[in-house]
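So the chains spell out like this:
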Amino acid sequence: MVSVSLTVNGKAVTREVEDRTLLVGFLRETLGLTGTHVGCDTSQCGACVVHVDGVAVKSCTMLAAQADGCAVLTIEGLAQGDQLHPVQAAFREHHGLQCGFCTPGMIMAAVDIIRRHGPGIDETTIRHELEGNICRCTGYHNIVKAVKAAAEQSGGMAEAAE
Amino acid sequence: MGVEGIGARVLRKEDKRFITGKGRYTDDIELKDTTYAAFVRSPHAHARIVSIDISEAKAAPGVVDVLTGADLAGDRIGGLICGWMIHSTDGSPMKAGAHPAIAHDIVRHVGDQVAVVIAETRAQARDAAELVAVDYEILPAVVDPAKAQDAGAPQIHPEAEGNLIYDWSIGDKAATDAAFAAAARVVAMDVVNNRLVANPMEPRVAIGSYDSAEEHYTLYNTSQNPHVARLVLSAFVGIAPEHKLRVVAPDVGGGFGSKIFIYPEETVCLWASKKIGGRPVKWTSDRAEAFLTDCHGRDHVTHAEMAFDADNRITGFRVHTIANLGAYMSTFSSSVPTYLYATLLSGQYAIPAIHAEVEAVYTNTVPVDAYRGAGRPEATYLVERMMETAARELGEDPAELRRKNFIRSFPHQTPVIMCYDAGDYDKTMATALAAADYAGFPARKAEARARGKLRGIGLSCYIEACGIAPSQAVGSLGCGVGLWESAEVRVNPVGTIEVLTGSHSHGQGHETTFAQLVSERLGVGVDTVQIVHGDTDKVQFGMGTYGSRSGAVACRRLPRRSTRSRSRSARSRPT
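Residues numbered from 1 in each chain as written. Chains lettered and ligands numbered in written order. Predicted model: local features only at pLDDT ≥ 70, side-chain atom pairs only at ≥ 80, totals over all residues. Heavy atoms only, no water.

- As annotated in an unreviewed UniProt entry, chain B carries the name Carbon monoxide dehydrogenase large chain and is attributed to Methylobrevis pamukkalensis.

- An unreviewed UniProt entry lists chain A under the name Carbon monoxide dehydrogenase small chain, with Methylobrevis pamukkalensis as the source organism.

Considering the nonpolar core
Reasoning step 1: Judged by nonpolar contacts, the single largest core of 104 residues is most densely connected at Trp-84, Ile-239, Phe-317, Leu-345, Leu-382 and Leu-483 of chain B.
Reasoning step 2: Residue contributions to this core peak at eight residues, all from helix H9 (residues 376-394) of chain B.
Reasoning step 3: Leave out the neighbours within four places in its chain, and Leu-483 of chain B touches Trp-84, Ile-468, Ala-469, Ser-471, Val-474, Met-543, Tyr-546, Arg-549 and Val-553 of chain B.
Reasoning step 4: Listed in part, the 40 residues of the second largest apolar core include Cys-45, Phe-101, Cys-135 and Ala-150 of chain A. (Core = buried A, V, L, I, M, F, W, Y, C linked by side-chain atoms within 4.5 Å. Buried < 20%, exposed > 50% of the residue type's maximum accessible area, 1.4 Å probe, protein only. Helix = DSSP H or I, 4+ residues; strand = E, 2+ residues; numbered from the N terminus. Contact = heavy atoms within 4.5 Å.)

Re the interface of chain B and chain A
Where interface size is quoted, it is often the accessible area lost as the parts come together.
Reasoning step 1: Contacts between the two partners involve 33 residues from chain B and, on the opposite side, 34 residues from chain A.
Reasoning step 2: Around 2,700 Å² of area is buried between chain B and chain A when both sides are counted, 53% of it from carbon and sulfur atoms.
Reasoning step 3: Of all residues in chain B, Leu-11, Ile-19 and Met-201 of chain B bury the most surface against chain A, accounting for 26% of the area lost on that side.
Reasoning step 4: Taken together, chain B and chain A are joined by five salt bridges.
Reasoning step 5: Note that Glu-29 of chain A and Arg-122 of chain B form a salt bridge whose closest N and O atoms lie 3.3 Å from each other.
Reasoning step 6: Elements with a contribution of two residues or more to the side of chain B that touches chain A: helix H1 (15-19) and helix H4 (122-129) of chain B. (Buried area = accessible area lost by both parts, 1.4 Å probe. Salt bridge = Lys/Arg side-chain N within 4 Å of Asp/Glu carboxyl O.)

Re unusual backbone geometry
Residues and elements named next belong to chain B.
Reasoning step 1: Residues Phe-410 and Pro-411 are joined by a peptide bond in cis, for which omega reads -5°.
Reasoning step 2: For Pro-411, the location among the structural elements is in the loop between helix H10 (398-405) and strand E18 (412-413).
Reasoning step 3: The backbone of Arg-298 sits at a positive phi, close to 65°, despite the residue not being glycine.
Reasoning step 4: Given the relative accessible area of 12%, Arg-298 is considered buried.
Reasoning step 5: In this structure, Asp-299 takes a positive phi of about 70° despite not being glycine.
Reasoning step 6: Take Asp-299: it is sitting in the loop between strand E14 (296-297) and strand E15 (300-308).
Reasoning step 7: With a relative accessible area of 9%, Asp-299 lands in the buried category.

Things to note about H9 of chain B
Note: α-helices contain 3.6 residues per turn, so residues at a spacing of three or four share the same orientation.
All names here are of chain B.
Reasoning step 1: Relative to the 27 Å expected for 19 residues at 1.5 Å per residue, H9 spans 26 Å between its end C-alpha atoms, a close match to the ideal helical length.
Reasoning step 2: Counting buried residues along H9, 14 of its 19 residues qualify, which places the element largely inside the surrounding structure.
Reasoning step 3: In the segment just after H9, Gly-395 is the residue with positive phi, at about 70°. (Expected span 1.5 Å × (residues − 1).)

A closer look at the domain arrangement of chain B
Reasoning step 1: Looking at chain B, the domain boundaries give domain 1 (15-21 + 470-572), domain 2 (31-139 + 199-293) and domain 3 (160-197 + 296-450).
Reasoning step 2: When each unit is reduced to the centre of its C-alpha atoms, the spacing between domain 1 of chain B and domain 3 of chain B is 35 Å. (Domains from an automatic or database assignment.)

A word on the domain arrangement of chain A
Residue and element names in this part refer to chain A.
Reasoning step 1: When its domains are assigned, chain A resolves into domain 1 (2-77) and domain 2 (86-161).
Reasoning step 2: Contact residues are listed per partner, giving 18 residues for domain 1 and 14 residues for domain 2.
Reasoning step 3: Summing both sides of the interface, domain 1 and domain 2 together bury roughly 1,200 Å²; the carbon and sulfur share of this comes to 62%.
Reasoning step 4: The largest contributions to the domain 1 side of the interface with domain 2 come from His-37, His-51 and Ile-75, which together make up 39% of the buried area.
Reasoning step 5: Linking domain 1 with domain 2 are zero salt bridges.
Reasoning step 6: At the junction of domain 1 and domain 2, the tally comes to seven residue pairs in polar contact (both at pLDDT 80 or more). (Polar contact = N/O pair within 3.5 Å; in protein donor to acceptor, adjacent residues only side chain to side chain.)

Spelled out as structure tokens, the structure:
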């Protein structure tokens, strides 16, 4: 057993877990944060993407113990109360989801993509960046549209803040 | 069209929970005192189980119980069934082999379940599953459907001699033979429609829970049709009578057909929960298990011939298909390569005579059942490949050959059951050709060639029978259940509306589209309409969602129900 202390969605948590516990299992089973999904358990589908210290990570590919001391953000922690994150709002506005299973991972990956590329990101880059996230329903078109719209909006917001 | 009614652009009602991580999928459900199941699966395509030693697994940390096929048979739990009866051309019923939820003497495909380990944690169950020692006597296997009936091929089920499940046919053989005898040209081809895996993003999950005080079972599962699951588990598997069995399919992460079927793991989790004293038993598939146990799609090997007159008009179509149903007959498997397939072999074309023969065979592979379109894309693929092949062999432009043979007079009775009531195939074809600048293609091709590149173009027409209804029609073709749908529209005292539907949403957005339909009819906002589905205790009955039936069958109930609710509330309004 190993003791793991980390911050999840702004809250400090400490738990004793089996050494082999994956971060996704820690989030889903130990903490009951079931918004993060397991689609493939082979690091391909991206349904389990969360942020670890601000960077998108496939949480099925990381041990909980490796996240010791880190700040983890999951889909449950993205909105500010009732105020949706712009990427969440864009997925809803642009019909970027159907069954919703890949959606939390898509959104968490998209937030990181926009952070790294900025508001001017083009469609080709978005499609390339989303290679690690698989969706079986939508055909990606509206996901890409949602990410692009959210990116453009983040530029507007940054300008407004200046 | 109202502001929020049919066709209006509204935000999806279900999305807020999905984009905030609040969706409730089956694996998200954690009942009190849950135990976890891990299956021991066959690594062989075909083998006899000589012995199973569970002693080491049973003594492993956290293990609650280890159960085998012998335990299941001992408790007289029935096997899984195929619910659509197909008769061979000679009138004999299909030859369905037994499908136990855990294999006992023989394993028939890689992934066939041999034992189940139930433990306190998922990891302990998996660890202990590796300690179950199974001694197999490996038997010869056949995986190629074209070789399943060969002399000397291994016999997979004693019930189906030569691995032939049925030899079915449709159409007029004599008329078709006559058309070929009189044909100016005959085009022949062989085509394989390969097997594929459905792969919804959410792997399958089953949670079985037994309440000994009420002698009542609850199954939470990833199902496209919870009521059908209850029906099969009750009437055929014999878990419990329907009033003692509740099936709940909450948010489901995509199905694509593969979650229509009633699977062995569901039976095992329900049965095992009682066996271990009523603690819930939860099984969550991983992706590798999904490949090994979710039903696959397609897998046809076909020889087809088309007869033409001197003017390249089709006079006859002859099809012979071998359909691979895998190691066991899944819930609706028999209907897919027959009534869902061969009834669409006319495509959009006026074909005076068609005869199709389908041989369904067992092989040592994962079972095959309905997948996206189910039979209908297989038919279209065949017809359109044939049109393309014929165009090349006859030296006619592929678009022109299709156009020449389009049905133009309606209603049109095809030789394979279907009657088309309306259509304008010339218009859709012309629109598509204009959009693709078909006329400009030769110039683009030449330009590409000048740059050392190869450029191609292809086209396909498509027609589909969606809905798989009405009940009387499907019943006459062998379906074991009526494919109707139920709807109930409740007007609450405060004026809000609840719509209970027997269809199931797993990405289709019913919570929005159904609400829009009711909103339109009753003149209320979509936010006051709540769609309830996916729970046999809430919705009186239903047949679920597959075959594009929810819009065609389930939605048709709603306006009628809504109108009745409206006139009732008008009558009861105080004056």
